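# Descriptive analysis of the structure
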Amino acid sequence: MQNCKEQIINKVIVKMSNEVDATILRCLENILREALYPFKVEEECTELSTQMDDNRYIIEIFSANKKLEGCRATSIAQYTRAATTFLETVNKNYKDITKEDVKMYLAVYSRGRKQNTVCNMKKFLSAFFSWVSDEGYIMKNPVKSIKGVKPEEIENVALTNDEEVALRDAAEQEGIRIRAIIDVLLSTGLRVSEIRSLNRNDLNMMEGSITFRSAKSYKYRTVFLDVRAKRHLNDYLQTRSDCNEALFTTTQKYEDKNGKMEVKRMSNAAFEKITKKIGENAGVRRKCTVHVLRKTFATRLADRGCPLEIIQELLGHTNPATTQKHYIAKNQNRVKKACDKYIYAA
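All of the points below concern the structure found in this document.

Parameters and conventions
Residues numbered from 1 in each chain as written. Predicted model: local features only at pLDDT ≥ 70, side-chain atom pairs only at ≥ 80, totals over all residues. Heavy atoms only, no water. Core = buried A, V, L, I, M, F, W, Y, C linked by side-chain atoms within 4.5 Å. Buried < 20%, exposed > 50% of the residue type's maximum accessible area, 1.4 Å probe, protein only. Helix = DSSP H or I, 4+ residues; strand = E, 2+ residues; numbered from the N terminus. Contact = heavy atoms within 4.5 Å. Pairing = 2+ DSSP bridges. Expected span 1.5 Å × (residues − 1). Arc of directions from axis to C-beta. Salt bridge = Lys/Arg side-chain N within 4 Å of Asp/Glu carboxyl O.

## Points about the nonpolar core
- Counting residues in each nonpolar core, the largest one holds 43 residues, and the members touching the most others are Ile 58, Phe 86 and Phe 128.
- Of all the secondary structure elements, the ones that give two or more residues to this core are α1 (4–16), α2 (22–36), α4 (55–68), α5 (73–90), α6 (99–109) and α7 (115–134).
- When residues of this core are assigned to their parent elements, the largest contribution, 10 residues, is made by α7.
- The residues contacting Ile 58, other than those within four sequence positions of it, are Tyr 94, Phe 128, Trp 131, Val 132 and Tyr 137.

The following block contains the structure:
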């Protein structure tokens, strides 16, 4: 059980988490800790300790603290949704949850669902209970020791060389903006959230580079444009007469708060719609998402002998195993070339 000061700090953080961003939230936490440090808090603990037993309240604290840590909003939503559904299903207080409760829930949850979906649910529950345990609300994480729930290996889907050429050719028929989007994605391997958040001042056209802060890791990363992407992006920007800072904007104009008709930053869904449409026009049989183009970028670099650590850096991964396992499609030609070079050499 946390002490009274921690409970007070958490209550303030929970209340403010929807009002301010993570940076201000961290600053607020530091101010509260400094202000409360000289004091001994006892009586104020009574009301809060009652609320500590409430499942909804502990999930709110968890959510606020994950935001404080800089966790992505989408990840926080997945964790909290999983924890809420689980606790409502087993109908028990979070402090009373046992390993058997989790195993029973996963067994029921697994009916009609793929193995990887069940693994993700276990991962979400583990994230919640690990935090609850680490913060001292419970003695032990009931999910930690559960074995036997392993993800299935999924084949990495990347475009073939012919499909990539067909995709670029199809984009040529759709106009300057779409051509630039497809070429930038294939040249950089950006996530959909990353290309959406790019601004014009992130671009260094002289060097053919884009430097930005990753929406996932919050670290700065630089990616590079190939000759084709650089030329087509420059052509697109030359057509822009608006003042919007976004690198890519809508073609349609919308009324802003001042009543003026202006273009807007493109949404994630807009980018996905474009890649899907161009993929269909190019005759690509598989679903052509931004993530497939990201994997195609990684696979193409590997096929050309690019070191794993460079691919990892360009993709913005912390762990090279993530790059190797989930982003580089297996290729027998690549394996054969390695064998010819390292095994069969006389």
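## Here's the deal with the sheet that holds strand β1 (residues 203–204)
- Strand order in this open sheet of three strands is β1-β2-β3, and the pairing throughout is antiparallel. Whereas interior strands pair on both sides, the edge strands pair on one side only; in this sheet they are β1 and β3 (220–224).
- The sheet contact formed by strand β2 (residues 209–213) and β3 spans five bridges and is antiparallel. Within β3, the position partnered with Arg 213 by the bridge is Tyr 220.

## Observations concerning α2
- A rise of 1.5 Å per residue sets the reference length of α2, with its 15 residues, at 21 Å; its end C-alpha atoms lie 21 Å apart and thus fit the reference within 8%.
- Those residues of α2 lying buried are Ala 22, Leu 25, Glu 29, Leu 32 and Leu 36. Along the axis of α2, the buried residues cluster in a sector spanning 80 degrees; they form a single face. Away from the buried face of α2 by more than 90 degrees, exposed residues Thr 23 and Glu 34 are located.
- At its buried positions, α2 is contacted by α1 and α4.

## Overview of the pattern of salt bridges
- Tallying each qualifying case throughout the model produces 20 salt bridges.
- Where Arg 300 meets Glu 164, a salt bridge forms, and the shortest distance between an N and an O atom there is 2.8 Å. One end of the pair, Arg 300, is in helix α13 (residues 290–303); the other, Glu 164, is in helix α8 (residues 161–172), and 136 residues separate them in sequence. Both residues of the pair, Arg 300 and Glu 164, count as buried.
- Put simply, Arg 200 and Asp 242 hold a salt bridge, and the shortest N to O gap is 3.2 Å. Separated by 42 residues along the polypeptide, Arg 200 in the loop between α10 (192–197) and β1 and Asp 242 in the loop between α11 (227–238) and β4 (249–255) bring together distant segments of the chain.
- When salt bridges with common partners are traced through the structure, they connect Glu 164, Arg 168, Glu 172, Arg 179, Asp 183, Asp 226, Arg 228, Asp 235, Arg 300 and Asp 303 into a single cluster.

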